Amino acid sequence: MGTTTIAEIWQEVLGVPVQDDDDFFALGGQSLAAMEVVAAVRLRLGITVRVRVLLEHPVLADFAGQLALSGEQSPDRS
């Protein structure tokens, strides 16, 4: 999985430009913003991930890698 969409989500939530090696917390992220990121990932990418994953992998490229590994798809609600 690439980091482009995830970077867009981080930029929207944090309000700053983001690169692959940026740390969520160094950019001003905190627990509420982490919950917003996780919700946006679920809505836009269909991947269910716990906030804990972002807390444990706060670098964008690492977080994206964890999303690719998890592959936990949200159930289709249509």
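In this text, all values refer to a predicted model and were calculated from it rather than measured experimentally.

Colleague: Could you clarify how one ought to interpret the confidence of the model for the chain in this entry?
Modeller: Close inspection of predicted coordinates is inappropriate for parts of the model with low pLDDT. Taken residue by residue, the chain gives an average pLDDT of 90. The fraction at 70 or more is 88%. Below pLDDT 50 for its whole length, residues 72–78 participates in 10 contacts with residues either more than four positions away or in separate chains.

Colleague: Help me out: how do you make sense of the nonpolar core in this one?
Modeller: One broad trend across soluble globular proteins is that nonpolar side chains are buried collectively. Membership of the largest hydrophobic core comes to 20 residues, with the highest contact counts inside it found for W10, F24, V37, V41 and F63. Sorting the residues of this core by element identifies α1 (4–14), α2 (31–45) and α4 (60–70) as the ones contributing at least two each. Per-element accounting of this core gives the leading share, 6 residues, to α2. Ignoring any residue separated from it by four or fewer positions in sequence, one finds F63 in contact with I6, W10, V37, V41, V49, V53, L54 and H57.

Colleague: Just to check I follow, could you spell out α1 for this structure?
Modeller: Working note: α-helix, 3.6 residues per turn, so residues spaced by three or four point in the same direction. Where α1 is concerned, the buried positions are I6, A7, I9, W10 and L14. Across the axial projection of α1, the buried residues extend over an arc of 160°, all falling on one side. Of the residues in α1, the exposed ones pointing more than 90 degrees away from the buried face are T4 and E12. Where α1 is buried, its residues meet α2, α3 (51–56) and α4.

Colleague: For this particular structure, what's the right way to read the environment of P58?
Modeller: Within the secondary structure, P58 is located in the loop between α3 and α4. Apart from the residues within four sequence positions on either side, P58 is in contact with W10, D22, D23, F24 and F25.

Colleague: Is there a simple way to think about the packing of α1 against α4 in this case?
Modeller: If you want to describe how two helices pack, look at the angle between their axes and the distance between the axes. Two elements in contact, α1 and α4, have axes separated by 10 Å at closest approach and are oriented at 125°. By the angle between their directions, the pair α1 and α4 is classed as oblique. Two packed elements cross with a definite hand, and for α1 against α4 that hand is right-handed. Taking contact as the criterion, the partners of I6, A7 and W10 in α1 are, on α4, L60, F63, A64 and L67. Of the residues assigned to the contact of α1 with α4, the class counts are 7 nonpolar, no polar and no charged.

Colleague: Explanation requested: the side chain of D22 in the structure shown.
Modeller: Along the chain, D22 falls in the loop between α1 and α2. Notably, D22 is buried but unbridged: the nearest opposite-charge side chain belongs to R44, and the N-O separation is 16 Å. Of note is the side chain of D22, whose polar atom sits 2.6 Å from the backbone nitrogen of Q19. Residues within four places of D22 in sequence aside, it is in contact with W10, P17, L27, P58, V59 and L60.

What counts, and at which threshold
- Residues numbered from 1 in each chain as written.
- Predicted model: local features only at pLDDT ≥ 70, side-chain atom pairs only at ≥ 80, totals over all residues.
- Heavy atoms only, no water.
- pLDDT = per-residue confidence, 0-100.
- Contact = heavy atoms within 4.5 Å.
- Core = buried A, V, L, I, M, F, W, Y, C linked by side-chain atoms within 4.5 Å.
- Buried < 20%, exposed > 50% of the residue type's maximum accessible area, 1.4 Å probe, protein only.
- Helix = DSSP H or I, 4+ residues; strand = E, 2+ residues; numbered from the N terminus.
- Arc of directions from axis to C-beta.
- Axes fitted to C-alpha atoms, helices over the stretch in contact; angles between N-to-C directions.
- Parallel < 35°, antiparallel > 145°, perpendicular 65-115°, else oblique.
- Left-handed = near helix turned anticlockwise from the far one by under 90°.
- Nonpolar A, V, L, I, M, F, W, Y, C, P; charged D, E, K, R; others polar.
- Lys, Arg positive; Asp, Glu negative; His and termini not counted.
- Salt bridge = Lys/Arg side-chain N within 4 Å of Asp/Glu carboxyl O.
- Polar contact = N/O pair within 3.5 Å; in protein donor to acceptor, adjacent residues only side chain to side chain.

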